[in-house]
Amino acid sequence: MLRPLEHRFYSPFPGSFGARIEMKEDCVVKKFTPVVDLSVSEAVYKAAGELNLPSLIRLKPGTQVGEVRCCAYRRATARSHSLQIVERKVTKTNEPRYQVQLVPVGVPVRPRTEQQVKAAVRCVLIALDGLHGKGFVHRDVRWDNVVMRHESEGRAWVLIDLETAAQVRTPPTWYNASFPPEFDKDAPENVPWEFGHDIYQVGRMLENTPRISLSEAALAFAGHLQRERPSAKDALAHSWFGS
């Protein structure tokens with residue numbers, strides 16, 4: 001497990017779609033408002049737990065998707081001056097309503113060499129191969145949703161942010177620049193999301209790796225992913241990973 005590099009990572013910080021994230025020693029606590037139906041998020045996290053892949057975020061064992069509870073004070077009795085602490089559901093519409101405890105713990109850093117990029121892309125494809133095998137699509141594959149952690153053998157990369165995931169052919173209700181060109185930014189819900197759309201996003205992510213001059217082979221692979229959109233399993237067999 002890689003500990004956060006700076007103290008600020010221990011304090012809550014914002015995530016996508018209004019989420020709040022807090023790094024703990026043994027897990028990441030994420031509070032969020034569902035992008036999809038809550039039952040879908042529960043099914044996705046159940047699938048991730050069954051897969052138990054080192055490269056895919058999952059619920060901390062023994063936990064589940066739960067409601068965010070906040071503390072309030074009330075008088076112990078009508079005549080008493082003492083106060084009781086009670087928990088209640090979050091009711092403000094601008095506050096995250098649900099929370100999850102996630103593992104493994106990683107930090108948002110970028111690869112510094114093409115070999116690290118290759119390792120990260122391989123991990124993302126392994127995670128997608130597992131998700132796709134369960135009938136789910138991620139729909140938001142980009143560097144912001146890949147974190148790094150340490151293992152005894154070295155660095156490992158993890159695909160995170162499953163709150164946007166859904167069953168295959170579920171159209172998205174939002175748009176960002178990582179979407180394939182067939183999606184209209186004003187009406188993304190008109191196109192059902194296929195497995196190949198996740199693969200396109202991997203290619204775009206690779207092509208737009210920051211601060212690294214990628215080799216021609218890497219850029220050719222990125223183009224291949226965006227044009228041909230092979231299965232994650234077939235993409236993992238590409239010659240770029242052996243170079």
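Data block above holds the structure.
What comes next concerns the included structure. Treat the numbers as computed from the prediction; the structure is a model and nothing was measured. The written sequence of each chain sets the order in which its residues are numbered from 1. In keeping with the predicted nature of the model, local features appear solely for residues at pLDDT of at least 70, side-chain atom pairs appear and are counted solely at 80 or more, and the whole-chain, interface and lining totals rest on all residues. With hydrogens and water set aside, each side-chain value is computed from the structure's full complement of heavy atoms.

A few points about the packing of aromatic side chains
- Each Phe, Tyr or Trp ring (for Trp, its six-membered ring) is paired with any other whose centre lies within 6.5 Å, and the angle between the two planes then decides the class: stacked below 30 degrees, edge-to-face above 60, tilted in between. One pass over the structure, following the stated rule, counts ten aromatic pairs.
- Pairing Trp240 with Phe241 gives two aromatic rings, centres 5.2 Å apart and planes at 55°, and the pair type is tilted. Phe241 carries the same exposure label as Trp240, and that label is buried.
- Pairwise contacts between aromatic rings join Phe17, Trp174, Tyr175, Phe179, Phe183 and Trp193 into one cluster. Relative accessibility decides the category of a residue: with a 1.4 Å probe and only protein chains considered, values under 20% of the type maximum give buried, values over 50% give exposed, and everything between is partly exposed.

Looking at the side chain of Gln226
- The secondary structure listing takes helices from DSSP runs of H or I that are at least 4 residues long and strands from runs of E that are at least 2 residues long, numbered from the N terminus. Tracing the sequence through the fold places Gln226 in helix 4 (residues 216-228).
- Non-local contacts of Gln226, meaning those with residues more than four positions away in its chain, are made with Tyr200, Gly203, Arg204 and Glu207. Residue contacts follow a heavy-atom distance rule, with two residues in contact if any of their heavy atoms lie within 4.5 Å.

Points about the nonpolar core
- Here, nonpolar core refers to any group of buried Ala, Val, Leu, Ile, Met, Phe, Trp, Tyr and Cys residues whose side-chain atoms link them within 4.5 Å. Counting residues in hydrophobic clusters, the biggest one holds 57 residues, and the most contacted among them are Val121, Leu125 and Phe221.
- Ranked by residue count, the leading element in this core is helix 2 (residues 114-133), at nine residues.
- The contacts of Val121, once residues within four sequence positions are left out, are Val202, Met205, Leu206, Phe221, Trp240 and Phe241.
- Residues Trp174, Phe179, Val191 and Trp193 belong to the second largest nonpolar core, which totals six residues.

Some thoughts on the environment of Met148
- Mapped onto the secondary structure, Met148 falls in strand 10 (residues 146-151).
- Residue class for Met148 comes out buried when judged on its relative accessible area of 5%.
- Separated by 28 residues in the primary sequence, Met148 and Ala120 have C-alpha atoms spaced 8.4 Å apart.

Regarding the packing of helix 2 against helix 3 (residues 195-207)
- Orientation is described by lines fitted to C-alpha atoms, with helices fitted over the stretch in contact, and by angles between N-to-C directions that extend from 0 to 180 degrees. In the contact formed by helix 2 and helix 3, the axes pass within 11 Å of each other and the chain directions differ by 170°. Taken together, the axes of helix 2 and helix 3 are roughly antiparallel relative to one another. Of the residues in helix 3, those touching helix 2 at Val117, Val121, Val124, Leu125, Leu128 and His132 are Phe195, Asp198, Ile199, Val202, Met205 and Leu206.
- Gly is placed with the polar residues, together with every amino acid not listed as nonpolar (Ala, Val, Leu, Ile, Met, Phe, Trp, Tyr, Cys and Pro) or charged (Asp, Glu, Lys and Arg). In terms of residue class, the contact of helix 2 with helix 3 is built from ten nonpolar, one polar and one charged. Any angle that is under 35 degrees is reported as roughly parallel, and any over 145 degrees as roughly antiparallel; angles of 65 to 115 degrees are reported as roughly perpendicular and all others as oblique.

Notes on the pairing of strand 2 (residues 20-23)
- Residue alternation in strand 2 divides its side chains into a buried set, Ile21 and Met23, and an unburied set, Arg20 and Glu22.
- In this analysis, strands are considered paired if DSSP registers two or more bridges between them. Of the pairings in the sheet, the one linking strand 1 (residues 13-14) to strand 2 comprises two bridges and is antiparallel in character. Across the sheet, the residue bridging to Pro14 is Arg20, located in strand 2.
- Summarising the sheet, strand 2 and strand 3 (residues 28-32) pair through four bridges and their orientation is antiparallel.

Side note on helix 2
- In a regular helix each residue adds 1.5 Å, so 20 residues correspond to 28 Å; helix 2 covers 28 Å between its end C-alpha atoms and thus fits that length.
- For helix 2, the buried fraction is high: 14 of the 20 residues fall into the buried class.
- Downstream of helix 2 by one or two residues, Gly135 has phi in the positive range, about 90°. By definition here, a helix of n residues has an expected span of 1.5 Å times n minus one.

Topic: the side chain of His138
- Within the secondary structure, His138 is located in the loop between strand 9 (136-137) and strand 10.
- Classification of His138 by relative accessible area gives buried; the value is 0%.
- Polar contacts here mean pairs of N or O atoms no more than 3.5 Å apart (in protein, one a potential hydrogen donor and the other a potential acceptor; neighbouring residues in sequence count only if both atoms are side-chain atoms). A distance of 2.8 Å separates a polar side-chain atom of His138 from the backbone oxygen of Ile160.
- In this structure, His138 is in contact with Leu128, Leu131, Asn145, Leu159, Ile160, Asp161, Leu162, Thr164, Ala165 and Asp198, ignoring residues within four places of it in sequence.

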